[in-house]
Amino acid sequence: MKGKSIGRLLLALHAVATLLAVSSALAAEQPNVVFVLADDLGYGDLGANGHPRLKTPSLDRLSTESVRFTDYHVAPMCTPTRGELMTGISAFRNGASAVAQGGTPIRRELPLMPQFFKDNGYATAHFGKWHLGDNYPFRPQDRGFDLSIHYKGFGIDSIAGEWENDAFDDRYWRNGTLTEIKGYNTDVFFNEAMSWMRQQTKPFFVYLATTASHEPYYVESRYEKPYEDLGKVLSAFFGMTANLDENVGRLMKFLDDSGLGRNTILIYMTDNGTGDRSLFFNAGMRGRKTSLYDGGHRVPFFIRWPTGLNGKPRDIDALTHSTDVLPTLIELCGLKLARPATFDGHSLKPLLEGRADPLPDRKVVIQYGLYGPVFKKWDSAVLWNKWRLVKGTELYDVATDPGQKTDLASSRNDIVTILREHYENWSGVTRPLLGQANYNVVGSLAEPVILLTSADWLGPWAGDWKELGRTDLRLFGAWDIEAAATGNYEISLYLFPPDANTPLNQALRNVPARPISGARLLVSGNEYTAKTLVTETHARFILPLKQGERHRIEGQFLDAAGTPLAGAFFTRVTQVHN
């Protein structure tokens with residue numbers, strides 16, 4: 001019996017030694033990264049963060065297995081946050097400062113998160129929402145992703161997206177090819193991501209950016225049913241979130257069952273404060289999406305890495321920001337910088353390692369373009385520990401006043417002075433970077449046919465379908481283009497999506513007919529006009545361009561008297577090869 005006991009002990013010791021060796025080997029390997037970014041879900045839209053009604057068991061479980069940053073901040077709207085995540089640079093400095101009106105692309109010369117991974121031999125893939133530029137050279141596949149399956153614009157109901165999409169059996173852009181994929185969109189993104197991960201033979205980086213839970217709130221009724229007593233809007237919002245939670249659970253099971261989970265950095269966060277207009281539960285904070293108060297930009301941030309993070313799952317209450325994610329991943333993954341890079345953010349590795357003096361004393365400026373990429377001084381929040389300077393004049397201490405109800409500016413002028421001085425210095429560095437043109441490249445092999453939409457024209461907001469239907473407003477906008485090659489270019493002006501095949505002066509959906517009988521093309525001050533027939537879906541112009549030539553182009557539709565009625569909400573440009 002004694003011999004058998006010793007034998008079992010030796011076998012147990014051998015098993016432990018093997019497990020330790022495997023764990024050590026896994027830790028020595030570069031980790032995979034799966035980065036899940038949810039849309040329009042705030043800090044309070046989680047059971048783990050105290051929501052009294054919404055059930056999120058999978059995200060709650062992830063919370064218990066993660067290091068949780070509880071004072072983590074982003075921009076109050078989606079594109080500015082996404083740009084900060086991808087670059088480690090604040091919104092107005094990287095160029096992606098607004099959700100439309102020419103404000104979505106990141107400056108062309110800046111390297112993005114997937115490019116750093118790709119430089120280090122990683123496979124890279126993106127699934128879901130992008131919203132950082134729809135045309136070459138700003139698309140995800142142009143910025144470092146081997147594969148991207150995504151929507152254009154902000155997703156469903158974006159005028160940049162596919163006009164018949166409704167979240168079920170939609171058409172998606174698979175790199176440069178439009179492809180129909182069966183199923184509900186959030187399920188599709190997770191299914192495609194897991195399928196792609198199964199095929200990889202080297203470390204991978206996955207950016208999984210859902211459109212849940214952004215309007216419009218489309219989801220199967222079974223997810224809404226537990227909340228149907230709350231009304232159609234809220235039940236659908238919660239239902240979309242419940243479906244997202246279910247998919248996060250499927251992802252975690254896949255990672256764990258496949259053995260990938262032990263050496264995979266799994267991140268979950270959201271892009272801004274809650275989109276729930278009713279503010280059913282906001283964790284005691286003031287404001288929601290778009291707000292400069294904490295409810296607009298404080299969001300959950302969970303990071304799980306079983307073999308790489310020291311200590312138990314825990315809360316970290318230090319002030320942290322979306323610009324911190326890229327430098328953190330570079331350091332955690334041991335990525336070597338093959339290109340020059342500077343960041344506004346800091347690596348959070350010292351915090352994750354529990355160092356005694358983890359980060360320098362920092363102040364963070366939250367600022368973005370609510371009404372297009374327009375920089376308005378003091379339209380900001382300045383954060384320092386638990387102090388919040390809002391709009392340059394209001395001061396709050398969220399340590400004692402998380403609802404930001406009591407303005408302390410008059411009694412703590414010393415803090416106001418410090419934070420205003422920081423903002424002045426920050427804006428002084430930022431202003432010289434403003435207003436740089438983002439040129440959509442036409443005539444390139446990467447995107448031979450380019451479709452420009454009003455979602456990102458330089459002009460008034462026209463990002464979704466209802467603007468196209470407003471005949472009381474005459475909306476016009478322009479785009480900056482650059483020719484990749486010398487030749488003749490066909491510029492076709494459309495009022496409706498080209499694949500809708502609808503004549504210019506007819507109605508479509510809820511868009512009433514307009515008495516269009518002609519069109520005007522403006523090219524850097526030059527004007528060209530054309531008559532249109534009642535059967536024509538577009539107006540066509542031929543323009544010679546030289547390689548590297550840059551122009552600002554604008555299309556207008558005219559009535560019989562030559563009066564402009566509407567802009568060309570869709571403009572297609574392609575090189576003509578005779």
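The rules we used
Each chain carries its own residue numbering, running from 1 in the written order of its sequence. Selection of residues for local features in this predicted model requires a pLDDT of at least 70, selection of side-chain atom pairs for listing and counting requires 80 or more, and totals for whole chains, interfaces and linings are taken over all residues. Based on all heavy atoms of the structure, the side-chain values leave hydrogens and waters out of the count. Remark: exposure states derive from per-residue accessible area (1.4 Å probe, protein chains only) relative to the maximum for the residue type, with buried under 20%, exposed over 50%, and partly exposed in between. Strands are runs of DSSP state E lasting at least 2 residues, helices are runs of H or I lasting at least 4, and numbering of each runs from the N terminus. When DSSP finds two or more bridges between two strands, those strands count as paired. Only protein atoms enter the 1 Å grid, on which a cavity is a set of points fitting a 1.4 Å probe that cannot get out and a pocket is an open set with protein on both sides within 12 Å along at least 5 of 7 lines, lining residues being those with an atom within 4 Å of a point. Grid points are joined across faces, edges and corners, and a volume is the space filled by probe spheres set on the points. Residues are grouped as follows: Ala, Val, Leu, Ile, Met, Phe, Trp, Tyr, Cys and Pro are nonpolar; Asp, Glu, Lys and Arg are charged; every other residue, Gly included, is polar. Lines fitted to the C-alpha atoms define the axes, with helices restricted to the stretch that makes contact. Angles between their N-to-C directions range from 0 to 180 degrees. What we call a nonpolar core is a set of buried Ala, Val, Leu, Ile, Met, Phe, Trp, Tyr and Cys residues that are connected through their side-chain atoms within 4.5 Å. Residue count minus one, scaled by 1.5 Å, sets the expected span of a helix. Whenever Lys or Arg places a side-chain nitrogen within 4 Å of a carboxyl oxygen from Asp or Glu, that contact is recorded as a salt bridge. Aromatic rings from Phe, Tyr and Trp, with only the six-membered ring used for Trp, were paired whenever their centres fell within 6.5 Å, and each pair was classed as stacked if the ring planes differed by under 30 degrees, edge-to-face if by over 60, and tilted otherwise. Any Lys NZ or Arg CZ found within 6 Å of a ring centre and within 35 degrees of that ring's normal is scored as a charge over the ring. Any two residues whose heavy atoms approach within 4.5 Å at even a single point are treated as in contact. Here a polar contact means two N or O atoms within 3.5 Å. Within protein one must be a hydrogen donor candidate and the other an acceptor candidate, and residues neighboring in sequence count only if both atoms are side-chain atoms. Comment on the angle field: the value is read as roughly parallel under 35 degrees, roughly antiparallel over 145, roughly perpendicular from 65 to 115, and oblique elsewhere.

Burial of the side chains of strand S14 (residues 381-384) extends over both faces: Ala381 and Leu383 are buried on one face and Val382 and Trp384 on the other. In the sheet, strand S13 (residues 363-366) pairs with S14 via four bridges, with the strands oriented antiparallel. By the bridge assignment, valine 365 is partnered in S14 with valine 382. The hairpin turn running from S14 into strand S15 (residues 387-390), its antiparallel successor, is two residues long, and asparagine 385 in that turn takes a positive phi close to 50°.

A separate point is empty space enclosed by the protein. The full count for this structure, using the stated rule, is three cavities of 30 Å³ or more. When its volume is computed, the largest cavity comes out at roughly 90 Å³. Considering the residues around the largest cavity, the lining is formed by 14 residues, among which Val99, Thr104, His131, Gly153 and Ala455 are closest to the centre. For the lining of the largest cavity, the per-class residue count stands at six nonpolar, six polar and two charged. Taken as a whole, the second largest cavity encloses approximately 70 Å³ of empty space. If you trace the second largest cavity, you find it lined by Phe154, Gly155, Ile156, Ala167, Tyr184, Asn185, Thr211, His214, Glu215, Pro216, Tyr218 and Met240.

Turning next to the sheet that holds strand S16 (residues 394-397). What links the strands of a sheet is backbone hydrogen bonding, and the strands pair in either a parallel or an antiparallel sense. Here four strands make up an open sheet; going across it, the order is S13-S14-S15-S16 and the pairing antiparallel. Taken across any chain shown, the strands that pair with only one partner, and hence form the sheet edges, are S13 and S16. On average, each strand axis in the sheet is tilted by 20° relative to the strand beside it, whichever way the strands run.

Residues Phe127, Trp196, Met197, Val206, Leu251 and Tyr268 are the most contacted members of the largest nonpolar core, which totals 49 residues. Residue assignment for this core shows that the elements contributing at least two residues are strand S1 (32-38), helix H2 (57-64), strand S4 (123-128), strand S5 (147-150), helix H6 (185-198), strand S8 (204-209), helix H8 (232-258) and strand S9 (264-270). The element best represented in this core is H8, accounting for twelve residues. In terms of nonpolar packing, the next biggest core, distinct from the first, is built from 44 residues, Ile89, Phe116, Phe301 and Leu326 among them.

Taking 1.5 Å of rise per residue, the 27 residues of H8 would be expected to cover 39 Å, and the 39 Å separating its terminal C-alpha atoms lies within 8% of that figure. The buried fraction of H8 is high, at 19 of 27 residues. A positive phi of about 85° marks glycine 259, the residue just after H8.

What follows is about the pattern of salt bridges. The full count for this structure, using the stated rule, is 40 salt bridges. With a shortest N-O distance of 3.1 Å, glutamate 180 and lysine 182 are connected by a salt bridge. A relative accessible area of 45% means that glutamate 180 is categorised as partly exposed. Ionic pairing is found between arginine 550 and glutamate 482, a salt bridge with its closest N-O pair at 3.0 Å. One end of the pair, arginine 550, is in strand S24 (residues 550-558); the other, glutamate 482, is in strand S19 (residues 478-483), and 68 residues separate them in sequence. Using a relative accessible area of 48% as the deciding quantity, one classes arginine 550 as partly exposed. Judged by relative accessible area, glutamate 482 falls into the buried class, the value being 14%.

We now examine the packing of aromatic side chains. Evaluation of the coordinates by the stated rule reveals 27 aromatic pairs. Consider the rings of tyrosine 72 and phenylalanine 301, whose centres lie 4.5 Å apart with planes at 40°: the pair is tilted. Remark: phenylalanine 301 occurs in strand S10 (residues 301-304) and tyrosine 72 occurs in strand S3 (residues 72-73); sequence separation between them is 229 residues. Take tyrosine 72: its relative accessible area is 0%, and that puts it in the buried class. Its relative accessible area of 3% is what places phenylalanine 301 among the buried residues. The side chain of arginine 298 reaches across the aromatic face of tyrosine 43, ending 3.9 Å from its centre.

Another point: the sheet that holds strand S11 (residues 314-316). Judged by pairing direction, the sheet is mixed, and its ten strands sit side by side in the order S7-S6-S5-S4-S8-S1-S9-S10-S2-S11 without closing on themselves. Both edges of this open sheet fall to strand S7 (177-180) and S11, since each of them pairs with a single strand only. Averaged over neighbouring strand pairs, the angle between their axes works out to 15° when direction is ignored. In this sheet, S9 lies alongside S1 in parallel orientation, the contact comprising seven bridges. The partner of asparagine 32 across the bridge, within S9, is threonine 264. On top of the sheet, H2 reaches strand S2 (67-69), S9 and S10; it is set at about 65° to S10, its chief contact. Lying over the sheet, helix H10 (residues 325-332) contacts S1, S9 and S10, oriented at roughly 175° with respect to S9.

Here we come to the side chain of glutamate 84. Structurally, glutamate 84 is set in helix H3 (residues 78-87). Setting aside chain neighbours within four positions, we find glutamate 84 in contact with Val74, Ala75, Ile89, Ser90, Ala91, Asn94, His321, Ser322 and Thr323.

Along the polypeptide, asparagine 120 turns up in the loop between helix H5 (113-119) and S4. Setting aside chain neighbours within four positions, we find asparagine 120 in contact with Gln30, Gly334, Leu335 and Lys336. A distance of 2.8 Å separates a polar atom in the side chain of asparagine 120 from the backbone nitrogen of lysine 336.

Before going further, it helps to examine the layout of surface pockets. One number sums up the size of the largest pocket: a volume of about 940 Å³. For the lining of the largest pocket, the secondary structure elements donating two or more residues are strand S18 (449-453), S19 and strand S26 (570-576). The leading source of residues in the lining of the largest pocket is S18, at four residues. Within the lining of the largest pocket, the residues separate by chemical class into 24 nonpolar, 15 polar and eleven charged.

Two numbers describe how H6 lies on H8: the axes approach to 10 Å, and their chain directions differ by 10°. Taken together, the axes of H6 and H8 lie roughly parallel to each other. Each of Thr186, Asp187, Phe190, Asn191, Met194, Met197 and Arg198 in H6 lies in contact with H8, whose residues at this interface are Asn243, Leu244, Asn247, Val248, Arg250, Leu251, Phe254 and Leu255. Among the residues forming the contact of H6 with H8, the class breakdown is eight nonpolar, four polar and three charged.

Keep in mind these numbers describe shape, not what the thing actually does.
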